[in-house]
Amino acid sequence: MKSIKCECGHVNPEGTVLCEACGKPIEGNQHIDGNDKKKLLNMRYDGTARRSQTYNKSIIDKIWSFFSSVKVGVWLIVLALIASAIGTIFPQQQYIPIDAISRDPAIYYPETYGILGQIYYQLGLHNLFSSWWYLILIALIGVSLVICSLDRFVPLYKALKIQKAKRHKTFLSRQRLYSESDEVSEKEKEQVIQNLKKQRYKVRIEDGHVLAEKGRFSRWGPYVNHIGLIIILLAALLRSTPMFYTNEYVWVREGEQIVIPGTDREYFIENKGFILDVYDENDERFKDAIQKEGRIIPSNFQTNAVVYKQSDDAVAGSETDLEKVAETEIRMNHPLEFDGYKLYQSGYQLNEFSQMTFEIQEMPEEEGAEVESFGEFTIDLINPQSEYELDNGFTVVIDEYFPDYFLDSNGPNTETQHPRNPTFIFNVYPPDTDKYETSFVGDIIGAADSIGIDTNSVELKPMGEVLGMFATNLDATGENEYQVAIKNMDFHRVSGLSVRKDSTLPIFGFGAFIFMFGVIQGMYWQHRRIWIQPTDKGIRLAAHTNKNWFGVKKDIEKVIENTNVKMVEDQQELDE
Amino acid sequence: MDNLLSFSSTMLYSAFILYLIATFFFGFTIRDNKKDRQEKSKAGTIGISITIVGFIAQLTYFITRWMASGHAPVSNLFEFMTFFGMTIVLAFIVIYFIYRLTVLGLFALPVAMIIIAYASMFPTEIAPLVPSLKSHWLYIHVTTVSLGQGILAISFVTGVIYLIKNIDQSKRSKRTTWLEIIMYSLILFIGFIVATTAFNLMNYSATFEYPVGNKTVQTEYTLPAIAGPTDGVLLSDGVMEPLFETPGWMHGADAGSKFNTLLWSFLVGTIIYGIIRLILRKRIGAAIQPLLKNAKLDLLDEITYRAVAIGFPVFTLGGLIFAAIWAQEAWGRFWGWDPKEVWALITWFFYAAFLHLRLSRGWHGEKSSWLAVGGFAIIMFNLIAVNLILAGLHSYA
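Predicted model, so just to flag it, every value in this text is computed and none were measured. Sequence positions are assigned chain by chain, starting from 1 and proceeding in written order. Chains carry letters from A onward and ligands carry numbers from 1 onward, assigned in written order. Given that this is a predicted model, residues contribute local features only at a pLDDT of at least 70 and side-chain atom pairs are listed and counted only at 80 or more, while totals for whole chains, interfaces and linings are drawn from all residues. The side-chain quantities take in all heavy atoms of the structure and omit both hydrogens and water.

S.K.: Help me get a handle on the overall build of chain A, residues and values and all.
M.R.: A helix here means a DSSP run of H or I that spans at least four residues, while a strand means a run of E at least two residues long, and both kinds are numbered starting from the N terminus. Along chain A, the regular secondary structure elements total twelve helices and 24 strands. Each principal axis of the C-alpha atoms in chain A carries an extent, and together these give about 125 × 60 × 50 Å. Categorising residues by exposure relies on relative accessible area from a 1.4 Å probe, with only protein chains included: less than 20% of the type maximum marks a residue as buried, more than 50% marks it as exposed, and the intermediate range marks it as partly exposed. Residues classed as buried in chain A amount to 50% of the 576 residues present. Residue pairs in contact within chain A that sit at least 24 positions apart in sequence constitute 63% of those at least 6 positions apart. Per element, the accessible surface of chain A, about 29,100 Å² overall, is 52% carbon and sulfur. Mean positive and mean negative side-chain charge positions of chain A (60 and 83 charges, respectively) differ by 28 Å. It only takes one pair of heavy atoms within 4.5 Å for two residues to be counted as in contact. What sets the accessible areas is the Shrake-Rupley method with a 1.4 Å probe; for residues, cover comes only from the shown protein chains. Under the counting rule used here, the positive set is Lys and Arg, the negative set is Asp and Glu, and His together with the chain ends is not counted. By convention, charge coordinates are those of NZ in Lys, CZ in Arg, CG in Asp, or CD in Glu.

Written out as structure tokens, the structure is:
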């Protein structure tokens, strides 16, 4: 390594622009920081030798220089910015609304957004934020953060440590704030130094040369906040492994006790009751807003839950030997925490069907006519059978069952496997015959919606005996002699709970803390330096700060008050 | 209760008037006669005093509304935007005492006033909190974000002043055009306020019915429908038939009526802009420029940078970190790529890029000012357009 000896005697590493000790511009290296074309010195990194600006031979040098460039860093940020914006043009797949035409992205995007939607889907932009190229972009920002920081931090740290109070005179005259005063008495000099100390500057004097400095630690702010960001990125990497992150969802009926998924069958949850509170529409305070909104506004979603843990010697998954771990109310914004797991109130079903009672009737001649009944059967929707035999010889076979019925262009279908809107195709066999009739019966929720009941916030249970009258009841052939009518139904409430275990949270928190610490350190303090150099009878005065020039000028004004020292002139060259 | 609420509204109204009066005093300080310097500095002192009284009035509005509703008034668009206006004023007051730059008040206060007036066009009833918003993090998160954005808005204000002063208005150029676009955009807000107020006074109302998924809902238009809801049917009699339908890809709650409002803002805003141009007989930028003779460019640039440097950490804390903590409490995931979250990240990226560009030569001065304007545009987009166009967890109001 070629090192450069300055006339002040200090030996600088290769690539140094300004001598680390005295700040004299080193000949032949001025192009590196662009000083050759400017009057002022580029003080960004105090003219230190940075690896990226010094070596450019091997491939590693080139990669290093590439990533250590602020320009490249900014470009990466801008690209990430544009990509993120593109990701919000249409909803991401996870945000396809529940009431959309279809939850299938292949259908949803082109159907809703036409050709642009089709392109969006084909390019995979509906999962942009988990796409390989977005992740690579973020990773490249991470690489840039590390290399940029290392490239600058080490030499800057050294230079600021080595710096001498005694500086070369061109170093001073080429600072942005500079003045020369011809006649300054010793007494005045002493006064200036005292004033500097009063302004909480650390003052060093070598042979009458003065360096006053404050807020140097703010120079480390950027590197500290970059470390914070790296920690956050590493935490995100860890989170993508199942070891550090569990994410499950569980539906629990009222009164039901089931194993909590994602806990190795170790924990059980019992739902003691789900509560939905709504705002009183006569409430003095809110009635105007509720009226304007025109719908019921919920005030609380709550599951009264008990969590049990299996004792250690029990067989995994068995429901014996359970000990209570927690009993509490899980509400929105108030998750239940136990042994590192958290349960969040995430969903509910007020009106999941528990059973339905049907009656076989003669087909009425006209609407509302009295009809003869041929007996009833009840389907337990938690355990439906495939066929029901009635005492009088009728047999009903369930040909098709849609637990959570909806109709789209592909015909009848089920959204989930939960009995949220049970709908049946029955084959009805009258006594002593092989011929059967087909009936299509159900869609109570659709019926309730169409008569204006908000099934998300109104309980249907009290209406169980009447709702059947509004249900869909189709006779495909038009020749049926019998119809299957819904007599009665019962409902239960279900709580939807998210199960999370996220061991990376402390790491994210730590990273965020470091980031905030660094960003405040770098932004709310400034590194100010004031140099004073004795001349024949007077002094040279120069100052530099990494930001807030207004502030350092005010400092100088106060420092030279009532002395002969001339106020510094701002030599800033406006770049336009 | 009603008394408290009407007192609260009066306080907000008073604050608005006080800001207006203060603006005139700040306007007085930039008059171009060097003789009465003393008078000018007196006007500046009066201006900032009135601003502070106005701020206290608005703070009183905030506290009394909080008392009346039982929750911090930052839960819907009206409350949030009003609060944003207040944080801009607060940021202005702080920056004023650092730099003593009176011209800042002449521009910052009108921006805050436009935002407060804009906010008042949205439903102002006290709304109950839905379960997901019932958390202390609502006010911790929202107030911090808003404060950060308020400080960042100051960089927009100084940026605009810089541009008006610096751009050569003697001939038409790309720069003069873009500056006019900024002026025009601000006037669009005034257009919105004028249109809404006018039709409110006339008690205009038209009801539409339109499908959402497989349900049919009703919406009330308070402005004549230029664009009706997608697949909507007009129910009211004797009102204007819509000229066309809102495109189906607009997905916010009640997108049709909001899109219609946007169209009205453009219509009325463009008319107002046209009238101003007719009166001035030159670009708005060119008309303001001579008033800024005494403004110092390097100081403006300094404040632009300083405002970003101060605002960026506050925004990060409120908009990303507090937001993430709350999301973790409410939904069990601290980050979910919801459009509002993504746009907060975009805002963060943008200002991060701004701060890094300041490291290089050549990005100070005018370029910084353009960037400051761009950053504010992103903030406003996130405040307004994300709720309007993009569906998501934040599409309230």
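S.K.: Could you give an account of the UniProt feature "domain: Cytochrome c assembly protein" (unreviewed entry) in chain B, with specific residues and numbers?
M.R.: Taking the UniProt record as the reference, the feature "domain: Cytochrome c assembly protein" (unreviewed entry) is found at residues 74-197 and 267-394 of chain B. Overall, residues 74-197 of chain B shows 77% helix and 0% strand. The separation of its end C-alpha atoms is 23 Å. UniProt positions are given in the numbering used here, feature names are shortened, and annotations may be inferred rather than shown by experiment.

S.K.: Tell me about the UniProt feature "transmembrane region" (unreviewed entry) in chain A, residues and numbers included.
M.R.: Residue and element names in this part refer to chain A. What UniProt calls "transmembrane region" (unreviewed entry) maps, in this numbering, to residues 72-90, 132-154, 220-238 and 505-525. Between the first and last C-alpha atoms of residues 72-90 the distance is 29 Å; the span itself is 79% helix and 0% strand. Secondary structure over residues 220-238 splits into 95% helix and 0% strand, and the C-alpha atoms at its two ends are 27 Å apart.

S.K.: Residues and numbers for the pairing of strand β17 (residues 411-414) of chain A, please.
M.R.: Residue and element names in this part refer to chain A. Pairing between strands is defined by DSSP: at least two bridges between the two strands are required. Taken together, the four bridges between strand β16 (residues 405-408) and β17 define a ladder with antiparallel strand orientation. Bridging from a neighbouring strand, L407 pairs with P412 of β17. Counting the residues that bridge the hairpin from β16 to β17 gives two residues.

S.K.: Can you lay out the packing of aromatic side chains for me, pointing to particular residues and giving the numbers?
M.R.: Within 6.5 Å between ring centres, the rings of Phe, Tyr and Trp (the latter by its six-membered ring) count as paired, and their orientation is classed by plane angle as stacked under 30 degrees, edge-to-face over 60, tilted in between. As enumerated under the stated definition, the model contains 65 aromatic pairs over all chains in all. Summarising the aromatic geometry, the rings of F129(A) and W337(B) are spaced 4.0 Å apart at their centres and angled 5° between planes, so their arrangement reads as stacked. In this pair, F129(A) sits in the loop between α4 (105-122) and α5 (132-162) while W337(B) sits in the loop between α9 (297-331) and α10 (339-357), so the two residues belong to two different chains. The partly exposed category is assigned to W337(B), whose relative accessible area is 22%. Seen in terms of ring centroids, F374(A) and F394(A) are 5.5 Å apart; in terms of plane orientation they differ by 45°. Their pairing is tilted. Of this pair, F374(A) sits in strand β13 (residues 373-380) while F394(A) sits in the loop between β14 (387-389) and β15 (395-402); the two residues are 20 residues apart in sequence, bridging distant segments of the chain.

S.K.: Would you mind going over the pattern of salt bridges in detail, with residue names and values included?
M.R.: Two side chains bearing opposite charge may form a pair once their charged atoms approach each other closely. All names here are of chain A. The rule for a salt bridge is simple: a side-chain nitrogen of Lys or Arg has to be within 4 Å of a carboxyl oxygen of Asp or Glu. Counting across every chain of the model gives 30 salt bridges over all chains. A salt bridge links D502 to R239; its shortest N-O distance comes to 2.8 Å. Linking D502 in strand β21 (residues 482-502) with R239 in helix α8 (residues 221-239), this pair joins segments that are 263 residues apart in sequence. Here R239 falls in the buried class, since its relative accessible area comes to 18%.

S.K.: Break down the side chain of T54(A) for me, with residues and values.
M.R.: All names here are of chain A. If you trace the backbone, T54 turns up in helix α1 (residues 51-54). Any pair of N or O atoms that falls within 3.5 Å is considered a polar contact. Within protein, one atom must be able to donate a hydrogen and the other to accept it, and sequence-neighbouring residues count only if both atoms are side-chain atoms. Of the polar contacts made by the side chain of T54, one reaches the backbone oxygen of R50; its length is 2.6 Å. In contact with T54, not counting residues within four places along its chain, are E14, G15 and A49.

S.K.: For the interface of chain A and chain B, give the residues involved together with the corresponding values.
M.R.: Where interface size is given, it is often the accessible area lost as the parts come together that is meant. Across the boundary between the two partners, chain A contributes 72 residues, which contact 73 residues of chain B. By definition, the buried area sums, over both parts, the 1.4 Å-probe accessible area that each loses when the two are put together. Note on chain A versus chain B: buried area summed over both sides is about 5,800 Å², and carbon and sulfur give 63% of it. When the buried area of chain A at its contact with chain B is split by residue, Y95(A), R285(A) and N333(A) rank highest and sum to 11% of it. Viewed at the interface, chain B and chain A are joined by one salt bridge. Residue E329(B) pairs with K342(A) through a salt bridge whose shortest N-O separation is 3.6 Å. At the junction of chain A with chain B, the criterion picks out 18 residue pairs in polar contact (both at pLDDT 80 or more). For the side of chain A that touches chain B, the element with the most residues is helix α11 (residues 505-524) of chain A, which contributes nine residues. Only Asp, Glu, Lys and Arg are considered charged in this grouping, and only Ala, Val, Leu, Ile, Met, Phe, Trp, Tyr, Cys and Pro are considered nonpolar; every other residue, Gly among them, is considered polar. Split into classes, the residues belonging to the side of chain A that touches chain B amount to 38 nonpolar, 15 polar and 19 charged.

S.K.: Which residues make up the domain arrangement of chain A, and what values do they have?
M.R.: Segmenting chain A into domains produces domain 1 (50-163), domain 2 (245-350 + 498-507) and domain 3 (352-488). Domain start and stop points were drawn from an automatic or database domain assignment. On a C-alpha basis, the centres of domain 1 of chain A and domain 2 of chain A stand 37 Å from each other.

S.K.: Explain a nonpolar patch on the surface to me, using residue names and the numbers behind them.
M.R.: Patch construction takes residues with relative accessible area above 30% that form no salt bridge. Like charges are linked within 9 Å, and nonpolar side chains (Val, Leu, Ile, Met, Phe, Trp, Tyr) are linked within 5 Å. On the surface, a nonpolar cluster with roughly 510 Å² of combined accessible area is contributed by L267(B), I271(B), I275(B), L278(B) and I279(B). Of note, L278(B) is situated in helix α7 (residues 255-280).

S.K.: Please set out the packing of helix α2 (residues 37-69) of chain B against helix α3 (residues 77-99) of chain B residue by residue, giving values where relevant.
M.R.: All names here are of chain B. Lines fitted to C-alpha atoms define the axes, with helix axes restricted to the stretch in contact, and inter-axis angles between N-to-C directions lie between 0 and 180 degrees. Following both chains from N to C, one finds α2 and α3 inclined at 145°, their axes separated by 10 Å at the closest point. Note on packing geometry: the crossing formed by α2 with α3 is left-handed. On the side of α2, the interface is formed by G44, I48, T51, I52, F55, Q58, L59, Y61, F62 and R65, while α3 contributes F78, E79, T82, F83, M86, V89, L90, F92, I93, Y96 and F97. Handedness of each helix crossing follows the sense of rotation of the near helix against the far helix: counterclockwise by less than a right angle gives left-handed, clockwise gives right-handed.

S.K.: An account of the state of the cysteines is needed here, citing residue identities and associated values.
M.R.: Residues and elements named next belong to chain A. Disulfides are defined as pairs of cysteine sulfur atoms found within 2.5 Å of each other. On inspection of all chains with the given rule, the structure shows zero disulfides over all chains. Free cysteine: C6, not disulfide-bonded; nearest cysteine sulfur from C22 at 3.6 Å. Classification of C6 by relative accessible area gives buried; the value is 9%. On the accessibility criterion, C22 (5% relative accessible area) is buried.

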